[in-house]
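Results of the structural survey
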Amino acid sequence: MKKNILIDVERLKYPKSGIANVCTSLIKGLGNSLNEFQYTLYGPKKKLPFLKGNFKIVAWKFWQKKIKIHTSKYALIHVTHQLSDYFHAKNKVQKKVVTLHDLNFLHDGSSAKKMMKSKKLVQKNIGNADAIVCISEFVKDNFIKNKHLFTLKKDVEIEVIYNGLIFPEKENLSFEKRYDFLDKNFILTIGVLFPKKNQHVLLEMLLHNDRDLVLITSAAKSEYKEKFLEKIKTLRLEKRVHILENVSNDEKNFLLKNCESYCHPSLAEGFGIPPVEAMYFGKPVFLSRFTSLPEIGGCLAFYFDDFDPEKMNAIYLKGIHQYKNDPELPQKLHQHALKFSYKKMSASYEYLYKKLLS
């Protein structure tokens, strides 16, 4: 008889988020495998991707934060992110896996109150975990350095499984709306407008070249977003900066395929999905040197050594020149991206499940 495994994919409530993308990739990978387990997904029923495979579903309800669902029949519970509000408790014979995406709250200038709240929630999730999966070597190293902040099981396993992506199968991508920037050289960046994403430095870089900047973001409001919009006006870049919200995956992939480059000057990343997506299309990628990004971009990415706009522009133009004069670089970038496939990720998780339940 197959052992039952419960996977918390509640973050699919926000289908455009990075964690939701990872959950979708994991579901697809496990659905395609000849697995020996019975998987049950806990999440919003209407937001679950097309399910190939023998999955059961426990539908998410808002009241389940207070009235917990029964989990006694599951041999293993996998909590897919460290700030989950569910499945903090488990019985003695159950195994538990928690995916740790980052400890950004320790480093992003959060208030003491917010830091303590996040720390308590992480503790509730990882305190009784049998395995903690970090999404990059950087996250693992950062967690080990700060392990003293948490109380863990003595025999807890700490390992790295990179996020896996579902790369587009369509070759003929299209964009329904027609924008003037599509006829120009444009820089693409993807992410919520938030201080740690550091997108404002790209505005200042634009003053030193003739590129347009296209930003795919969410419709969520924030203080940083307001300052970003004001900076566009101050620098008189209204005609060269294009903010797109609620973009579909096909539209996003079209822009990735047709951009001149992808820029990601983030100050804090546990992994970094958008740069990998850009590399899949063979595009030159420009990254900051912070946190996990050098690990993800490797020797194929170009890096901003600091955020002085003139120096950033010099690195950008030099990188574009190098890219255009190296006909093998697009294929190298594509092959590098394939290392982060959903199949590799799901196979690694399934191997971990087997090891814990053997």
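That block above? That's the structure.
Residues numbered from 1 in each chain as written. Predicted model: local features only at pLDDT ≥ 70, side-chain atom pairs only at ≥ 80, totals over all residues. Heavy atoms only, no water.

Before going further, it helps to spend a moment on the nonpolar core. Grouped together as the largest cluster of nonpolar side chains are 106 residues, with contacts concentrated most on Ile-7, Phe-143, Leu-188, Leu-255, Val-276 and Tyr-353. Ignoring any residue separated from it by four or fewer positions in sequence, one finds Leu-255 in contact with Phe-175, Phe-181, Leu-182, Phe-186, Leu-188, Val-214, Ile-216 and Leu-244. (Core = buried A, V, L, I, M, F, W, Y, C linked by side-chain atoms within 4.5 Å. Buried < 20%, exposed > 50% of the residue type's maximum accessible area, 1.4 Å probe, protein only. Contact = heavy atoms within 4.5 Å.)

With that out of the way, let us pick up the pattern of salt bridges. Under the definition given, this model contains 21 salt bridges. The residue Lys-153 makes a salt bridge to Asp-130 at a minimum N-O spacing of 2.5 Å. Here Lys-153, found in the loop between helix H3 (137–145) and strand E7 (157–160), pairs with Asp-130, found in the loop between helix H2 (112–126) and strand E6 (131–134); they are 23 residues apart in sequence, far enough to count as distant. Asp-130 gets classed as buried once you look at its relative accessible area, which sits at 6%. Notably, a salt bridge pairs Asp-212 with Lys-184, separated by 3.6 Å at the nearest N-O pair. Taken together, the residues Asp-212 in strand E9 (residues 212–217) and Lys-184 in the loop between E7 and strand E8 (186–190) connect sequence positions 28 residues apart. (Salt bridge = Lys/Arg side-chain N within 4 Å of Asp/Glu carboxyl O. Helix = DSSP H or I, 4+ residues; strand = E, 2+ residues; numbered from the N terminus.)

A contiguous nonpolar surface patch, about 380 Å² in accessible area, is contributed by Phe-62, Trp-63 and Ile-67. With respect to the element layout, Phe-62 can be found in the loop between strand E3 (55–59) and strand E4 (76–79). (Patch = residues over 30% accessible without salt bridge, like charges linked within 9 Å, V, L, I, M, F, W, Y side chains within 5 Å. Areas by Shrake-Rupley, 256 points an atom, 1.4 Å probe, with all protein chains shown as cover.)

Topologically, Ser-25 is positioned in helix H1 (residues 18–32). Here Ser-25 falls in the buried class, since its relative accessible area comes to 2%. Along the chain, Ser-25 and Asn-163 lie 138 residues apart, while their C-alpha atoms are 8.6 Å from each other. If we ignore the near neighbours within four places in the chain, the residues touching Ser-25 are Gly-164, Leu-165, Ile-166, Tyr-342 and Met-345. At 2.9 Å, the side chain of Ser-25 and the backbone oxygen of Gly-164 are in polar contact. (Polar contact = N/O pair within 3.5 Å; in protein donor to acceptor, adjacent residues only side chain to side chain.)

Before going further, it helps to spend a moment on the packing of aromatic side chains. Counted according to the given criterion, the structure contains 20 aromatic pairs. Plain terms: the ring middles of Phe-286 and Phe-304 are 6.1 Å apart, the flat faces sit at 25° to each other, and that makes the pair stacked. With Phe-286 in strand E12 (residues 285–288) and Phe-304 in strand E13 (residues 302–304), the pair connects residues that are 18 residues apart, well separated along the chain. Grouping residues by exposure puts Phe-286 and Phe-304 together as buried. Each residue in the set Phe-37, Tyr-39, Phe-55, Tyr-349 and Tyr-353 is aromatic and connected to the rest through ring pairs, giving one cluster. The aromatic ring of Phe-150 is capped on one face by Lys-119, whose charged end is 6.0 Å from the ring centroid. (Phe/Tyr/Trp six-rings, centres within 6.5 Å; stacked < 30°, edge-to-face > 60°. Lys NZ or Arg CZ within 6 Å of the ring centre and 35° of its normal.)

These results come straight from atomic positions and should not be treated as a statement about function.
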